[in-house]
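An overview of the molecular structure
Chain residues, written in single-letter form:
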Amino acid sequence: MLRLAPLVPLLPLLGFLLNGLFGRRLSRGSIAAIGAGSVGLAFALTIGLFAALLALPAHDRSVEVDLFTWMSAGDFRLDAGLLLDPLSVTMALVVTGVGFLIHVYSAGYMREDPGLWRFFAYLNLFTFAMLVLVLADSYPLLFVGWEGVGLCSYLLIGFWYTEKINADAGKKAFIVNRVGDFAFLLGMFLIFRELGTLEFTPVFEAAPRALEAGGAAAFWIALLLFVGATGKSAQLPLHIWLPDAMQGPTPVSALIHAATMVTAGVYVVVRSHVLYLLAPDALLIVAVVGAATAIFAASIGLVQTDIKRVLAWSTISQLGYMFLGVGVAAFTAGIFHLVTHAFFKALLFLGAGSVIHAMHHEQDLRRMGGLRSKLPVTSLTMLIGALAIAGIPPLAGFFSKDEILWSAWAGGRQALWAIGFIAAGLTAFYMFRLVYLAFYGTPRDAEAHHHAHESPPVMTLPLVVLAVLSVVGGWIGIPHALGEPLGHVPNLLEHWLEPVFEDAEVLRAGAGEGMAERMAEAGELAMEYGLMAASIMIALLGIGLATLLYLRDPGRRERLTAGLAPLRHVLERKYYVDEIYHAVVVMPYLALSAFLWRVVDVVLIDGFVVRVVGGAVTWYSRIVSRLQTGLVQNYATAVFVGAVVMLGWFLLR
Amino acid sequence: MVPLSHYLALSAVLFTIGVLGVLTRRNAILVFLSIEIMLNAVNLSLVALTRATGNLDGQVTVFFVITVAAAEAAVGLAIVVAMFRRRETVDIGRFDVLRG
Amino acid sequence: MDGTQVAFYLLAGLAVATSVLVVTGRNPVASLLFLVLSFFCLAGLFVTLEAHFLAAIQILVYAGAILVLFLFVIMLLNLGQGEPGLGLPSVPVLALSALSGLAFVALLVFTVREADIAPITPARIEAVDLAGQATVGSTEAIGTALFRDFLLPFEVTSLLLLVAMVGAVVLAKRER
């Protein structure tokens, strides 16, 4: 079974080739069938891999499948291969599972689009690249997937490329990602310089011996990889591309810019956890950036009026949570939140897509309202998604978010906990603001409301499946504090991922930050219950405030926001980050370009170099060309004289 | 008995006469005749060497050279005819389209 | 000085003289006839080297067929009188050619001076005719070599002649 692993990425690749090469001639039904079917098959195979891995003893659950020798130069040799372990298979399950649902949804959402074949081809290519990313057994192969998903992201953001704004958004995403990729490359170079290899297993085996814990090398490797992760996962300060990425079709936003690709950064940090544990300072930076991003993005999410942009900022905020989790060395918690977030954020985006579909491509929340009666399935599933992300038990978001917050507290980072705690309240508030504005109250655009209609089953079915997953998804990671009283319910995810992180436990114990011991203490248990209750309270508070301001008494909202107008303005301008980049990066760059063009190119190169060099060559050529008499006899004479000279040289030498 | 070197020296002299003809004459026909002299000079040395070494390959090569000379003459003269038809002259000094 | 030596020096002197006349002559027809004479000298030299078959070929094919073809062309294009302005080239070219030509001869002669590696003895003649007699120039020996050892090149030669024929026809054909 495990030897079939290469088929998992290859199936979507095959789908991409079929649709990409022959898509123009295929019917819409076959395009969708190829696109969704290939990912569905890959999902089934991944489940098979999961089962096969589960059948192995816990300590043998790390299997490398060699594919071929990729590069071989001197002593350097790099094999391309797949690494199957609980972590990579978990990621592959999310990618293919959620991906499959979104492919199915796309068949309905993009039904009318003339570029359907292109859409599915890109989507399949993306799935292929993402699977390469998560299944790779070395940094270079991971980087191939990393760049592949970046390319697909660019292609899909600018999918409707005839609109300049879409093409610009695609370019912005690509360029901002390049900044992170550059750091990622540097990180890889540094790993190679320090450890002499780039394949995961030897790197992680050698790292504790070769790298001094807390030393400069480990710090820079970890930091550079993290900068790469901030680019891909839209963390401060490289977050600016993700909101603009919402110009792409909504299924793309759901799959790439919420559920899978943007979590690649989290995956990389978790995959490299051995290196991060050797660099506590870098780990702290990860946690701080994560927490800062969480609250920063959540606050911006409060005032967005575009339904997809609210979700985009929410995604950035939730990614911040994941980084906060891994930053306090709670890698399982980070992956846990990654998984649950994939469920409910995909659900929310697809729900938003359903709304947009119903409203004929209207995305402005201020023109919606009262859609609950028209879109019963969408509104119900969206409500479930909102509850899940807000952190209401027993839905998925509660368990994963709370585990992160608790890990932050238990790891001694109370300040970070507080930031995450407040962000959780903001999350609950903006999500329910979105739900109320879209589905409740009175229709603000009667015309659009009148024409609104529920989406076809091909779109609502994935919504329902994802809604179910958003409810039950959290039950795979019930914390011990709750699991024990409920009758020894085990923390399945932690158990499953344990072999991956067991070496990490050793390192962590060495660093004196043993979380397991701390959690075992009785006093801490009470604390955990208390913090849990506090999380639920603040979520309810956020929901209550949203209910009050957006459902019960919109008049009060007007009065309240009038006093906060300056703050509101700052939030609406997204803290002026885009403007700062424009002033600090774009303007100097344009000035430099203008200088290079007007002075260096026009005056120096065209005016001086070209004229002088060109003139010299022309003048010289005019002289030399006289040798070419055009008379064959002259040429023959030259040949003969040359032959005689050479003959003389050889004979008389 | 004539030594081999005399034959070879004669061959060298004849060859050089041919070369000088090719290099200096501007009449295409005479250039061709000079080439025939060169071919024959080489033939002479081949036959002489055959006699000296006792290996018949040299004579067979001369046989082939004569054949090639026939082919060359046919094609070359056709070219001369074509040249003449185009320019009304066989003066190769007048054919200088390659001039720089 | 035996007969062979006399023949050699006579024929050699005649060949050089006629060749020089070929190259320096003003009238193409005269040059051609001198060349025929030169070829007869060479045929004679072949005989002194016991290459009787080649001597015959030299006269029959070379002088008889190929040079007659030249003659046809000269007549056809009416070049018999020679063209004015087709004399000797400019002095620098002439000087350069003459100088390098002299150098060339000097070098070659300097080299072949040492060529008399071994005297020619009957024992070193390998070809054997049908009567069992060792010989070099006999028609039989050449025929055996051509049709046994050089069969493929021999046949390919026929192809070469065919190609040359077609090429000559295409090149000389009147353009439409």
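Residues numbered from 1 in each chain as written. Chains lettered and ligands numbered in written order. Predicted model: local features only at pLDDT ≥ 70, side-chain atom pairs only at ≥ 80, totals over all residues. Heavy atoms only, no water.

1. Some remarks on the overall build of chain B
Within chain B one finds three helices and zero strands. Written out in order from the N terminus, the α and β elements of chain B read α-α-α. Going through the 100 residues of chain B one by one, you find that 66% of them count as buried. Of the contacts made within chain B by residues no fewer than 6 positions apart, 55% connect residues no fewer than 24 positions apart. Carbon and sulfur atoms make up 66% of the accessible area of chain B, which totals about 3300 Å². (Helix = DSSP H or I, 4+ residues; strand = E, 2+ residues; numbered from the N terminus. Buried < 20%, exposed > 50% of the residue type's maximum accessible area, 1.4 Å probe, protein only. Contact = heavy atoms within 4.5 Å. Areas by Shrake-Rupley, 256 points an atom, 1.4 Å probe, with all protein chains shown as cover.)

2. Quick word on the interface of chain C and chain B
Each partner contributes to the interface: chain C provides 80 residues, whereas chain B provides 69 residues. For the chain C and chain B pair, buried surface summed over both sides reaches about 6900 Å², with 76% attributable to carbon and sulfur atoms. Run the count over chain C and chain B and you get one salt bridge. Linking arginine 51 of chain B and glutamate 50 of chain C is a salt bridge whose minimum nitrogen-to-oxygen distance equals 3.0 Å. On inspection of chain C and its partner chain B, the count reaches nine residue pairs in polar contact (both at pLDDT 80 or more). Listed by contribution, the elements that provide at least two residues to the side of chain C that touches chain B are α1 (3-24), α2 (28-48), α3 (52-76), α4 (91-112), α5 (139-149) and α6 (151-172) of chain C. Residues of the side of chain C that touches chain B, tallied by class, amount to 57 nonpolar, twelve polar and eleven charged. (Buried area = accessible area lost by both parts, 1.4 Å probe. Salt bridge = Lys/Arg side-chain N within 4 Å of Asp/Glu carboxyl O. Polar contact = N/O pair within 3.5 Å; in protein donor to acceptor, adjacent residues only side chain to side chain. Nonpolar A, V, L, I, M, F, W, Y, C, P; charged D, E, K, R; others polar.)

3. Some words on the packing of α1 of chain C against α2 of chain C
Residues and elements named next belong to chain C. With their axes 8 Å apart at the nearest point, α1 and α2 run at an angle of 160 degrees to one another. Here α1 is positioned roughly antiparallel relative to α2, judged by the angle of their axes. Relative to α2, the crossing made by α1 is left-handed. Judged by residue contacts, Thr4, Ala7, Phe8, Leu11, Leu14, Ala15, Thr18, Ser19, Leu21 and Val22 of α1 engage Ser31, Phe34, Leu35, Leu37, Ser38, Cys41, Gly44, Leu45 and Thr48 from α2. (Axes fitted to C-alpha atoms, helices over the stretch in contact; angles between N-to-C directions. Parallel < 35°, antiparallel > 145°, perpendicular 65-115°, else oblique. Left-handed = near helix turned anticlockwise from the far one by under 90°.)

4. A closer look at the packing of aromatic side chains
Here the structure, examined in full by the defined rule, presents 35 aromatic pairs over all chains. An angle of 80 degrees between the planes, with centres 5.6 Å apart, marks the rings of tyrosine 436 of chain A and tyrosine 440 of chain A as edge-to-face. Each of the two residues, tyrosine 436 of chain A as well as tyrosine 440 of chain A, counts as buried. One aromatic cluster is present, formed by Phe63 and Phe64 of chain B together with Phe53, Phe147, Phe150 and Phe154 of chain C through successive ring pairs. For the cation-ring pair, arginine 118 of chain A lies above phenylalanine 159 of chain A, with the distance from its terminal atom to the ring centre recorded as 4.3 Å. (Phe/Tyr/Trp six-rings, centres within 6.5 Å; stacked < 30°, edge-to-face > 60°. Lys NZ or Arg CZ within 6 Å of the ring centre and 35° of its normal.)

5. Here we look at the interface of chain B and chain A
Every contact between the two is made by 14 residues of chain B and, on the other side, ten residues of chain A. Interface of chain B and chain A: buried area, both sides summed, is about 890 Å²; carbon and sulfur atoms make up 64% of it. The tally of links from chain B across to chain A stands at zero salt bridges. Where chain B meets chain A, there are two residue pairs in polar contact (both at pLDDT 80 or more). Looking at which element gives the most residues to the side of chain B that touches chain A, the answer is helix α1 (residues 4-24) of chain B, with four residues. Residues that form the side of chain B that touches chain A fall into these classes: seven nonpolar, three polar and four charged.

6. A closer look at the pairing of strand β1 (residues 63-73) of chain A
All names here are of chain A. Pairing of β1 with strand β2 (residues 76-84) involves nine bridges; the strand directions are antiparallel. Pairing of alanine 73 across the sheet is with phenylalanine 76, part of β2. Two successive antiparallel strands, β1 and β2, enclose a turn made up of two residues, where glycine 74 displays a positive phi of approximately 60 degrees. (Pairing = 2+ DSSP bridges.)

7. Structural notes on a nonpolar patch on the surface
A cluster of nonpolar side chains, namely Trp597, Val602, Val603, Leu604, Ile605, Phe608, Val609, Val610, Val612, Val613 and Val617 of chain A, defines an oily patch on the protein surface of about 970 Å² accessible area. Its relative accessible area of 48% is what places tryptophan 597 of chain A among the partly exposed residues. (Patch = residues over 30% accessible without salt bridge, like charges linked within 9 Å, V, L, I, M, F, W, Y side chains within 5 Å.)

8. Quick word on the nonpolar core
Tyr139 and Leu275 of chain A are the most contacted members of the largest nonpolar core, which has 189 residues in total. The element that contributes the greatest number of residues to this core is helix α15 (residues 331-358) of chain A, accounting for 17 residues. Residues within four places of tyrosine 139 of chain A in sequence aside, it is in contact with Phe184, Met188, Ile191, Leu198, Phe200, Val203, Phe204, Leu225, Ser272 and Leu275 of chain A. Of all hydrophobic cores here, the second largest spans 79 residues; its members include Leu4, Leu33 and Leu56 of chain B together with Leu49 of chain C. (Core = buried A, V, L, I, M, F, W, Y, C linked by side-chain atoms within 4.5 Å.)

9. Things to note about α15 of chain A
All names here are of chain A. For α15, built from 28 residues, the straight-helix expectation of 40 Å at 1.5 Å per residue is met to within 8% by its first-to-last C-alpha distance of 40 Å. Along its length, α15 reaches its greatest deviation from straightness, about 25 degrees, at histidine 341. Among the 28 residues that make up α15, 28 are buried, leaving the element largely enclosed by the rest of the structure. Of the residues trailing α15, histidine 360 is marked for its positive phi of about 55 degrees. (Expected span 1.5 Å × (residues − 1). Bend = angle between axes of the 7 residues up to and from the residue.)

10. What about the environment of proline 208 of chain A?
Residue and element names in this part refer to chain A. Structurally, proline 208 can be placed in helix α7 (residues 200-210). For proline 208, a relative accessible area of 36% translates into the label partly exposed. For the pair formed by proline 208 and leucine 277, sequence separation is 69 residues and the distance between their alpha carbons is 9.3 Å. If sequence neighbours within four positions are ignored, proline 208 has contacts with Val274 and Leu278.

11. Brief notes about the side chain of threonine 157 of chain C
The residue threonine 157 of chain C is located in helix α6 in this model. Leave out the neighbours within four places in its chain, and threonine 157 of chain C touches Phe64 and Thr67 of chain B.

12. Quick notes on unusual backbone geometry
Residues and elements named next belong to chain A. In this structure, proline 237 follows leucine 236 across a cis peptide bond, with omega equal to -5 degrees. Within the fold, proline 237 resides in the loop between α8 (216-232) and α9 (241-244). Between proline 393 and proline 394 the backbone carries a cis peptide bond, its omega angle lying at 5 degrees. With respect to the secondary-structure elements, proline 394 resides in the loop between α16 (376-390) and α17 (396-410). Non-glycine residue lysine 574 carries a positive phi angle of around 60 degrees.

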